[in-house]
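Residues per chain are reported as follows:
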Amino acid sequence: MCPLAFPQFIVFLVILMILEISMMVLAFVYRDQGEDSARDGIRKAMVKAYGSGADTKTKKALDKLQSEFKCCGSTNATDYKVANLAVPPVCCSDTVTVCREDTAYMKGCSTALFDSFQKYTVGLFIVCIVFAILQVIGLIMAIKFLRDEDKGS
């Protein structure tokens, strides 16, 4: 067996664990900025999709988002008024004949997206913890094997 294989494996596991912990800390620290970025991005998409020179791809994507999440605008339907845009029909249920601010879905799409993301955060955190535990076990086994090899020679 190559004498350098296990020390390299140990160093690799330690670096991997440091990177995982760093990513978890960064995700926790910057979680609020994700919602702010989503809010700004949706506002820009609204203007691009429903403003002058409307982009059909952006409109399709925004319509799908608003339809599937039953949301309207970035924070709510008033975002369309602020942007001098009409509230699109997709912001209302099928039973509404004329879609306006007062008949549109109340929840904003940035909140809906963030809430959806939050559902999966706990599961993702559990998966990270399980991987970390497996890595610690692998690290301990590699160190134990390396020590046993040193005692044997």
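See the structure above.
Quick caveat: nothing in here was measured; it's all calculated off a predicted structure.

(A) Representation of the overall build of the protein chain in the model. Of regular secondary structure, the protein chain possesses 5 helices and 0 strands. Each helix (α) and strand (β) of the protein chain, taken in turn from the N terminus, gives the series α-α-α-α-α. For the protein chain, whose C-alpha radius of gyration is 25 Å, the value lies well above the compact-globule estimate of 15 Å for 153 residues. Here the C-alpha coordinates of the protein chain stretch approximately 85 × 30 × 25 Å along the principal axes. Residues classed as buried in the protein chain amount to 26% of the 153 residues present. Look at the contacts in the protein chain between residues 6 or more apart in sequence, and 61% of them connect residues 24 or more apart. Within the structure as shown, the protein chain displays about 10700 Å² of accessible surface, and the carbon and sulfur contribution to it stands at 67%.

(B) A look at the side chain of T58. Tracing the backbone shows T58 in helix α3 (residues 56-68). Overall, the relative accessible area of 15% leaves T58 in the buried class. Among all residues touching T58, those that are not within four sequence positions of it are A45, K48 and A49.

(C) Main features of the environment of A45. Position of A45 among the secondary structure elements: in helix α2 (residues 31-50). With a relative accessible area of 18%, A45 lands in the buried category. Separated by 100 residues in sequence, A45 and F145 have C-alpha atoms that sit 56 Å apart. Each residue touching A45, except ones within four places of it in the same chain, is listed here: T58 and L62.

(D) A look at the pattern of salt bridges. The final tally for this structure, using the stated rule, is 7 salt bridges. D36 is the salt-bridge partner of R39, the closest N and O atoms lying 2.8 Å from each other. Of this pair, R39 and D36 both sit in helix α2, 3 residues apart, which is roughly one turn of the helix. Exposure remark for R39: the relative accessible area of 19% places this residue in the buried category. Among the ionic pairs, K59 bridges to D63, the shortest N-O distance being 2.8 Å. Residue K59 and its partner D63 are both found in helix α3; the two are separated by 4 residues, about one turn of the helix. Owing to a relative accessible area of 17%, D63 belongs among the buried residues under this scheme.

(E) Examining the packing of α2 against α3 more closely. Between α2 and α3, the least distance of the axes is 8 Å, while the angle of their chain directions is 125°. Here α2 lies oblique to α3, going by the angle between them. The crossing of α2 and α3 is left-handed. Here I42, A45, M46, K48, A49 and Y50 of α2 come into contact with α3, specifically with T58, K59, L62, D63, L65 and Q66.

Each value, and the rule that gives it
- Residues numbered from 1 in each chain as written.
- Predicted model: local features only at pLDDT ≥ 70, side-chain atom pairs only at ≥ 80, totals over all residues.
- Heavy atoms only, no water.
- Helix = DSSP H or I, 4+ residues; strand = E, 2+ residues; numbered from the N terminus.
- Rg over C-alpha atoms; globule rule 2.2 N^0.38 Å.
- Buried < 20%, exposed > 50% of the residue type's maximum accessible area, 1.4 Å probe, protein only.
- Contact = heavy atoms within 4.5 Å.
- Areas by Shrake-Rupley, 256 points an atom, 1.4 Å probe, with all protein chains shown as cover.
- Salt bridge = Lys/Arg side-chain N within 4 Å of Asp/Glu carboxyl O.
- Axes fitted to C-alpha atoms, helices over the stretch in contact; angles between N-to-C directions.
- Parallel < 35°, antiparallel > 145°, perpendicular 65-115°, else oblique.
- Left-handed = near helix turned anticlockwise from the far one by under 90°.

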